[in-house]
Amino acid sequence: FFFGTFLMSRRQQPAGGDVLRLQPYEYLHVLDNNTNIARLIVGPTTFTRCEHEEVITQPKSFLTIPPMHYCTITNPVLRDDKGDVLFDEFGAAKCRLGDEEIRFACDPFPLYPQEEVAAPGIKKLPVLKRDSAFKLQALRDFEVTDAAGKKCNRVAGDMYLFRGPGTYLPRVEEVICEEMTATVVLPGEGLRLRALIGFTDRTGVQRCVGDEWLYEQPGAYLCAVEELVVEKVSPIVLTEKVALHLEAVKDFTDRWGTLRKAGEQWLITSAITESFLKTPEINVIKTEPISILQMNEWCVVLNAWDSHTGQIRLGHREVREGPACFFLKPGERLEAGIQPAYVLGENEAVLVRARGDYTATEDGKEVFRKAGNRWMIYGPTTFVPKEAQEVIEKRSAIPLAEDEGLYVRDTKTGRVTVKKGKTYMLEADEELWEKELPKVAEDRLMKQGGTHMAYIEDRGKKTKLMGRIKSRLVSYQLPHNALAQVYNYTERRARIIFGPDLVQLDPDEEFQVMSLSGSEWIPSRPEVVMPKKSGMINTLFLFMGPESMSDVMEVETADHARLKLQLSFSWHFDVKKGDFEAAKAVFNIPDFVGDACSQLQSRIRAAVAAETFDMFHRNSAQIITVAVFGCDDKGEPRQRLYFKANRLVIDSVDIQQVECIDVATKESLQKSVKLAIEITTASQEQAARQTAQVKNQIAKGELERQILLDKSEAEKERKILLEYLAESAAIESTGASKAEAKANAEKMLIEGDSEVKMAELKAQARELELEAELDVEAERRGAELAYLKVMNEMEIEKASQMAAIETGKFQKCVGSVGRDTIAAMARAGPEMQAKLLKGLGLQGYLMTDGQSPINLMNAASSLVPGGVA
């Protein structure tokens, strides 16, 4: 049933009818409806379809697989050992249903019924390059013969490699999992590998699942299926300035033969190896830079390494001085980094404290120091503390002027003293003591000045002030005509200072800060005076005066008119400079301003309350003066008001402003004032009008008189003008001819003078030219003579030097040859001739070339024996 259904689904009617002509290498499938058997028809042939036959596939070309290609056939037919197709008893080709077959390059072949080409059809055979491989997995059990002829059984699930170079021939029993490429390991590099299963690696080492190791052989490495490349390990280059801090992950023996325990840490430097490969047994904690100590540098190494035991000494300190360079061992650390040595000048020192008991040699002597001892090392020197020493601080001598000082505390006794007037260096048991002052006193010290109003705060201004050095002697410039009081809490006494002076506080002294009443200040309206408030002014001193203070108060008259008065009082303290007993009374009342203003306000209010508004308006100055100063026995106002408690004296009062607070009273006062002003203005206008009319009449009379005088003067001047006009006309007629004749004469005179001057100038110019030519010629001849003279002198000098050279040369030649040699050379010619003649038996001879003339007289004399030379 299945087979019939399969065939019926594939039935198609051919386009050529009942007769089909097949070309070579063509085929078709025909179904016999009587037997339900499909058969293969192969060309070249002419196929005539019978009534019971049905063409189920149109004519197709044979399947052609080119070289280096393959395809997968599903449901392949069965074949015998000779390659022939097997048929069943019904004549149908036997097929392996559900199976596959891979066919490679061969002769073109047709597909039998039920055979199909699996997608994607014909494919190229995969070609592997060198150092590459296919990772294969067996899909079923099978047996294979390798290249060496050895049989190998594969079990479903096995993983194995097909290594290149080569062409891989696919099998239906296996599948390609992935293509692997070899990892190139350069010299000095390595591969970190991990075992996926237990196996023996290519070096013969047994590996367990999860084991990791490092492969360091240079070249291309293609890992097996049992192992995995975790990473490629690059070498860490070590230099003289870099080291590696390592830690062992497990027990192992390193490449230098040292046994390392799990958790052990050590250092690798360039002295051990130039490059380092990290193995799986090692964990690189960090890169340790070299510590370099320059000249005059030092450091403290904590938990210093013991080179003898090879272990760190926990809690041990080691001081290292420069110049030096080192790597910190595992566990070591710098206490405070690299520090410069203490280079002490002449006025510098360091305070040193002993960390523990120790004995040291100082200045050639053994000194025992106990823990906690403190001492000073003075300059000039360079100091580096030892292991048992600790530098507390570096100190410098503090230069002090005559009016400057320091608060110094003795750490043993706790006593604080003042050192001033000279440069001071703290001792080992001394320290600077900071004197604390109240905030108000601190502010006043920062804002101290010498003006009369220096104790008043700079209200409305924000100024940034520098802080006071609290260990410096507190100094305050007391201005002129001022008083200050300083209290000593230890001795329980106060001292008074008169200004101008410089107030300096001892350690137990404090300023007496005075808090005075004052008025709020409006920056936009500085002339407005506000009522006094306590605590507005903080000051360290008081002026002795005379000064003035203003106040605003409200009063009420007997007829209930409310007024606002602005008064100014002049005051001073009745104290003479140098009278310290009297000066103490000044500070008896902390706020003398508020106290004085309160008493004055009460007196003035009482006096104004007894008077009506009209009376006060007329006699305000007298009423206020009597209220402030009072009257003597004769009823006359006194000249001053004296406060005995603090010796304050009020000697004058000034009314600056009187203002009505009540609206009705203010309006009536304004009306009366306005009416008085109008009356005064009208009377002044009438008087001015009358005065103007009188002045107008007088001015008119004077003007008419002046007009008559001006007309008479004008007639006189006119007469004079006419006389001058007539005279000028006569002068003009005669002066024109005279001027023309005079001008012609002057013209001729100027022309003659100019020609004479021109001739003189030409003569002078010619004379100058001739003189210049003569001078040039003389200079030229002088230069030529000087040149010839110099050249002659040089020639003479050259000839003399050459003669001296030739003479010296001849003398040296003669000296080198020798007198005997020269004499022998002179005798050699005649002696040779004599010997030659003697040997020839000749008395003489004469040789000539026939061209040179011969002196026969001399020749004959030499030929004739005994001849005269």
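Student: Describe the overall build of the protein chain, with residues and values.
Tutor: Counting secondary structure elements, the protein chain contains nine helices and 61 strands. The C-alpha radius of gyration computed for the protein chain amounts to 69 Å, which surpasses the reference 29 Å derived for 869 residues by more than 25%, pointing to a less compact arrangement than a globule. Taken over the C-alpha atoms alone, the protein chain extends approximately 170 × 160 × 110 Å along its principal axes. For the protein chain, with 869 residues in total, the buried portion stands at 31%. Within the protein chain, counting contacts between residues at least 6 apart in sequence, those at least 24 apart form 63% of the total. A total of about 56000 Å² of accessible surface is found on the protein chain, and carbon and sulfur atoms cover 54% of it.

Student: Provide a residue-level description of the pattern of salt bridges, including the pertinent values.
Tutor: Pairing is possible between side chains of opposite charge, provided their charged atoms come close. As enumerated under the stated definition, the model contains 46 salt bridges in all. Put simply, Arg-472 and Glu-404 hold a salt bridge, and the shortest N to O gap is 3.9 Å. Placement of Arg-472 in the loop between helix H2 (439–446) and strand S50 (475–478) and of Glu-404 in the loop between strand S46 (389–396) and strand S47 (405–410) is noted, with a sequence separation of 68 residues between them. Given the relative accessible area of 33%, Glu-404 is considered partly exposed. Lys-412 is the partner of Asp-429 in a salt bridge, and the nearest nitrogen-oxygen pair spans 3.1 Å. A residue pair is termed long-range when its members are at least 10 positions apart, and Asp-429 in the loop between strand S48 (416–420) and strand S49 (430–432) and Lys-412 in the loop between S47 and S48 qualify at 17 residues. Residues participating in the shared-partner salt-bridge network are Arg-96, Asp-99, Glu-101, Arg-103, Glu-115 and Arg-140.

Student: I'd like a rundown of the state of the cysteines, residues and numbers included.
Tutor: In this structure the tally under the stated criterion is zero disulfides. No disulfide involves Cys-177; its sulfur sits 13 Å from that of Cys-223, the nearest cysteine. Given the relative accessible area of 38%, Cys-177 is considered partly exposed.

Student: Give me the nonpolar core: which residues, what numbers.
Tutor: Judged by nonpolar contacts, the single largest core of 44 residues is most densely connected at Phe-569, Ile-604 and Ile-650. In this view, Phe-569 contacts Glu-547, Ser-548, Met-549, Asp-551, Leu-600, Ile-604, Val-628, Ile-650, Ser-652 and Val-653; residues no more than four positions away in its chain are not counted. Counting residues in each nonpolar core, the second largest holds 18 residues, with Tyr-407, Leu-473, Val-486 and Phe-543 among its members.

Student: Before we move on, could you go through a negative patch on the surface and cite the residues and values that matter?
Tutor: A cluster of acidic residues, Glu-767, Glu-771, Asp-775 and Glu-779, forms a negative patch on the protein surface. You can see Asp-775 is positioned in helix H7 (residues 663–817).

Student: So, helix H8 (residues 819–840): which residues are in play, and what are the values?
Tutor: The first and last C-alpha atoms of H8 sit 32 Å apart over 22 residues, in line with the 32 Å expected at 1.5 Å per residue. Ala-828 marks the point of greatest bend in H8, at about 35 degrees, and the proline Pro-830 comes within the next four residues. For H8, the buried fraction is low: one of the 22 residues fall into the buried class.

Student: If you had to explain the packing of aromatic side chains to someone new, which residues and values would you point to?
Tutor: Summed over all chains, the structure comprises 18 aromatic pairs. For the pair Phe-134 and Tyr-168, a centre-to-centre distance of 5.6 Å together with 70 degrees between the ring planes defines the contact as edge-to-face. Of this pair, Phe-134 sits in strand S12 (residues 132–138) while Tyr-168 sits in the loop between strand S16 (166–167) and strand S17 (174–181), and the two are 34 residues apart along the sequence. Take Phe-134 and Tyr-168: they sit in the same class, and that class is buried. Aromatic side chains Trp-571 and Phe-592 sit 5.2 Å apart centroid to centroid with 65 degrees between the ring planes, which places their arrangement in the edge-to-face category. Here Trp-571, found in strand S59 (residues 562–573), pairs with Phe-592, found in helix H4 (residues 592–609); they are 21 residues apart in sequence, far enough to count as distant. The exposure classification of Trp-571 matches that of Phe-592, with both residues buried. Among the aromatic residues, those joined into a cluster by ring pairs are Tyr-476, Phe-511, Phe-541 and Phe-543. It is Arg-260 that lies over the ring of Trp-266; its NZ or CZ is 4.3 Å from the centre.

Student: So, the sheet that holds strand S19 (residues 190–195): which residues are in play, and what are the values?
Tutor: In space, the three strands of this open sheet follow the order S22-S19-S24, with antiparallel pairing throughout. Each of the sheet's edge strands pairs with one partner strand only, and the pair in question is strand S22 (212–215) and strand S24 (227–233). Sheet twist, expressed as the average angle between the axes of neighbouring strands with direction ignored, equals 30 degrees. As judged from the six bridges shared by S19 and S24, these two strands associate in the antiparallel manner. Bridged to Leu-191 within S24 is Lys-232.

Student: Before we move on, can you summarise the sheet that holds strand S31 (residues 282–289) with the specific residues and values?
Tutor: Sheet architecture is open: three strands sit in the order S29-S26-S31, paired in antiparallel fashion. The open sheet is flanked by strand S29 (265–268) and S31, the only strands paired with a single partner. Across the sheet, the mean angle from the axis of one strand to that of its neighbour is 30 degrees, orientation sign disregarded. Looking at chain direction, strand S26 (residues 242–248) and S29 are connected through four bridges and run antiparallel. What sits directly across from Leu-244, in S29, is Ile-268.

Parameters and conventions
Residues numbered from 1 in each chain as written. Predicted model: local features only at pLDDT ≥ 70, side-chain atom pairs only at ≥ 80, totals over all residues. Heavy atoms only, no water. Helix = DSSP H or I, 4+ residues; strand = E, 2+ residues; numbered from the N terminus. Rg over C-alpha atoms; globule rule 2.2 N^0.38 Å. Buried < 20%, exposed > 50% of the residue type's maximum accessible area, 1.4 Å probe, protein only. Contact = heavy atoms within 4.5 Å. Areas by Shrake-Rupley, 256 points an atom, 1.4 Å probe, with all protein chains shown as cover. Salt bridge = Lys/Arg side-chain N within 4 Å of Asp/Glu carboxyl O. Disulfide = S-S within 2.5 Å. Core = buried A, V, L, I, M, F, W, Y, C linked by side-chain atoms within 4.5 Å. Patch = residues over 30% accessible without salt bridge, like charges linked within 9 Å, V, L, I, M, F, W, Y side chains within 5 Å. Lys, Arg positive; Asp, Glu negative; His and termini not counted. Charge placed at Lys NZ, Arg CZ, Asp CG, Glu CD. Expected span 1.5 Å × (residues − 1). Bend = angle between axes of the 7 residues up to and from the residue. Phe/Tyr/Trp six-rings, centres within 6.5 Å; stacked < 30°, edge-to-face > 60°. Lys NZ or Arg CZ within 6 Å of the ring centre and 35° of its normal. Pairing = 2+ DSSP bridges. Axes fitted to C-alpha atoms, helices over the stretch in contact; angles between N-to-C directions.

From the geometry alone we can't say anything about function, so treat these as descriptive.
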